[in-house]
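Residues per chain, in single letters:
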There are 2 protein chains.
Amino acid sequence: MACRIRPASAGDCRDILRMIKELGAYEKHSYETQVTEEALIEDGFSTQHPFYQSIVAELPEGQKSQEGFTIVGFALFIFSYNSMKGRVIYLEDLYVMPAFRGQGVGKRLLQEVAKIGRDQHCNQIQFAVLDWNQPAIDFYRAQGAFDLTKETGYHFFRFGDTAVMKLAEFEAQ
Amino acid sequence: MACRIRPASAGDCRDILRMIKELGAYEKHSYETQVTEEALIEDGFSTQHPFYQSIVAELPEGQKSQEGFTIVGFALFIFSYNSMKGRVIYLEDLYVMPAFRGQGVGKRLLQEVAKIGRDQHCNQIQFAVLDWNQPAIDFYRAQGAFDLTKETGYHFFRFGDTAVMKLAEFEAQ
């Protein structure tokens with residue numbers, strides 16, 4: 001399929017948010033979606049120092065999905081840092097709508113992320129996968145990724161909103 | 001202890017690299033340290049869009065560690081993004097030299113990261129901990145963090161240097 005992979009623009013944020021929600025529903029945590037279209041525009045496109053980068057997969061001119069969409073996949077990623085390795089990409093989301101899977105769109109999005117990373121001297125791509133999401137694990141493994149949690153014991157931890165606020169408000173004696 | 005917590009400058013990169021290596025040795029992957037002082041300076045202080053942020057813990061005027069150092073702890077973090085939650089901090093490293101532990105320096109570094117995060121509207125702090133590093137796990141849990149890998153099954157994955165190069169060099173038919 002001749003999907004076009006291109007950098008996202010502010011005008012794509014509505015589609016990106018729709019797909020973030022589709023992905024969230026699949027990963028069973030869509031209730032967590034607090035991001036809005038306005039926030040995506042502001043954080044990705046309105047600042048000199050964008051918080052994230054994104055690319056989209058667009059159908060050829062004149063084609064639409066059954067639901068009437070022309071943007072059918074996206075990748076959202078961050079220029080991050082590993083203190084051992086230096087510059088790395090953190091791949092937050094890679095998503096292709098179900099009807100457009102199995103046609104290499106996900107692989108082309110991933111390749112584009114790798115190219116953008118290479119051009120910025122990022123020599124690794126890190127990301128998180130749910131341990132029950134076997135299709136995703138199979139896809140990433142086939143492209144050469146490995147499970148750092150299994151191999152080295154790295155666990156993801158998080159301070160949620162309340163914990164961050166409590167830490168931030170604490171004044172040292 | 002009256003350690004001063006302050007933003008790092010390019011001049012601190014030598015100490016930061018020393019402590020990255022100390023931390024790597026403790027975590028048993030110091031062999032992986034590819035970062036150099038020059039790279040830390042360039043990536044954190046020479047670009048308009050720094051790849052990481054850092055703060056250091058400095059001993060009071062006139063005091064030194066047994067080894068002759070005045071910088072005895074640091075935090076290295078990234079302004080990152082969660083597509084569900086929006087702006088987040090990714091805490092790559094939080095380290096205090098062994099002789100200065102148990103005196104609240106780590107907590108003060110963490111609080112400062114939380115404050116910087118809050119000021120940038122980052123409502124979460126994410127990070128990785130090795131599952132055998134019980135002192136670190138106990139410290140973070142006591143401050144309100146939870147283990148996302150255990151609770152939701154998120155695993156860290158990585159494309160290493162070779163896999164990224166292979167992806168980046170692939171040209172779609």
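See the structure shown above.
Anyway, here's the lowdown on the structure attached to this text. Since we're looking at a predicted model, the values are computed, not measured.

## Some words on the relation of the copies chain A and chain B
Note on the chain copies: they are related by a rotation about an axis and a translation along it.
Then comes step 1: Under the fitted operation, chain A is carried onto chain B by 0.0 Å of movement along the axis and a turn of 180°, and the coordinates agree to an RMSD of 0.0 Å. Interpreted geometrically, this transformation is the action of a two-fold axis. Relative to the rotation axis, the C-alpha of His49(A) is the closest in chain A, positioned 3.1 Å from it.

## Describing the interface of chain A and chain B
Then comes step 1: Listed by partner, the interface residues are 76 residues for chain A and 75 residues for chain B.
Then comes step 2: Between chain A and chain B, a total of about 8,100 Å² is buried, with carbon and sulfur atoms accounting for 59% of that surface.
Then comes step 3: Across the chain A-chain B interface, the total number found is four salt bridges.
Then comes step 4: One salt bridge connects Arg87(A) with Asp43(B), and the closest N-O pair in it is separated by 2.7 Å.

## As for helix 2 (residues 37-45) of chain A
Then comes step 1: Within the sequence span of helix 2 of chain A, burial applies to Glu37(A), Leu40(A), Asp43(A) and Gly44(A). Mapping the buried residues of helix 2 of chain A onto a view down its axis gives an arc of 140°, with all of them on the same face.
Then comes step 2: For helix 2 of chain A, the elements touching its buried residues are helix 1 (13-26) of chain A together with strand 3 (71-82) and strand 4 (86-96) of chain B.

## Some details on the packing of aromatic side chains
Then comes step 1: Tallying each qualifying case throughout the model produces 23 aromatic pairs over all chains.
Then comes step 2: Their ring planes at 55° and their centres at 6.3 Å tell us that Phe74(A) and Tyr95(A) sit as a pair that is tilted. Linking Phe74(A) in strand 3 (residues 71-82) with Tyr95(A) in strand 4 (residues 86-96), this pair joins segments that are 21 residues apart in sequence. Both residues of the pair, Phe74(A) and Tyr95(A), belong to the buried class.
Then comes step 3: For the ring pair Tyr81(A) and Tyr52(B), a centre distance of 4.8 Å and an interplane angle of 40° mean the geometry is tilted. One end of the pair, Tyr81(A), is in strand 3; the other, Tyr52(B), is in the loop between helix 2 (37-45) and strand 2 (53-58), on a second chain. Accessibility classification places Tyr81(A) together with Tyr52(B) in one group, the buried group.
Then comes step 4: Cluster of aromatic residues (ring-pair linked, three or more members): Phe127(A), Phe139(A), Tyr140(A), Phe157(B) and Phe159(B).
Then comes step 5: The residue whose ring lies beneath Arg18(A) is Phe69(A), and the NZ or CZ to ring-centre distance is 3.5 Å.

## Considering the pairing of strand 2 of chain B
Residues and elements named next belong to chain B.
Then comes step 1: Strand 2 sits mainly inside the fold: five of its six residues count as buried.
Then comes step 2: Relative to strand 2, strand 1 (residues 4-7) runs antiparallel, the two being bridged by four bridges. Counted as the bridge partner of Pro-7 is Ile-55 from strand 2.

## Examining the pattern of salt bridges
Then comes step 1: If you walk through the whole model with that rule in mind, you get 18 salt bridges over all chains.
Then comes step 2: In this structure, Arg6(A) engages Glu58(A) in a salt bridge whose closest nitrogen and oxygen atoms are separated by 3.0 Å. Of this pair, Arg6(A) sits in strand 1 (residues 4-7) while Glu58(A) sits in strand 2 (residues 53-58), and the two are 52 residues apart along the sequence.
Then comes step 3: Take Glu58(A): its relative accessible area is 18%, and that puts it in the buried class.
Then comes step 4: Residue Glu37(B) is joined to Arg14(B) by a salt bridge in which the shortest nitrogen-to-oxygen separation is 3.6 Å. Remark: Arg14(B) occurs in helix 1 (residues 13-26) and Glu37(B) occurs in helix 2; sequence separation between them is 23 residues.
Then comes step 5: Residues participating in the shared-partner salt-bridge network are Arg4(A), Arg6(A), Asp12(A) and Glu58(A).

Parameters at a glance
Residues numbered from 1 in each chain as written. Chains lettered and ligands numbered in written order. Predicted model: local features only at pLDDT ≥ 70, side-chain atom pairs only at ≥ 80, totals over all residues. Heavy atoms only, no water. Least-squares fit on C-alpha atoms with pLDDT ≥ 70 in both. Contact = heavy atoms within 4.5 Å. Buried area = accessible area lost by both parts, 1.4 Å probe. Salt bridge = Lys/Arg side-chain N within 4 Å of Asp/Glu carboxyl O. Buried < 20%, exposed > 50% of the residue type's maximum accessible area, 1.4 Å probe, protein only. Helix = DSSP H or I, 4+ residues; strand = E, 2+ residues; numbered from the N terminus. Arc of directions from axis to C-beta. Phe/Tyr/Trp six-rings, centres within 6.5 Å; stacked < 30°, edge-to-face > 60°. Lys NZ or Arg CZ within 6 Å of the ring centre and 35° of its normal. Pairing = 2+ DSSP bridges.

That is the geometry; function is a separate question.
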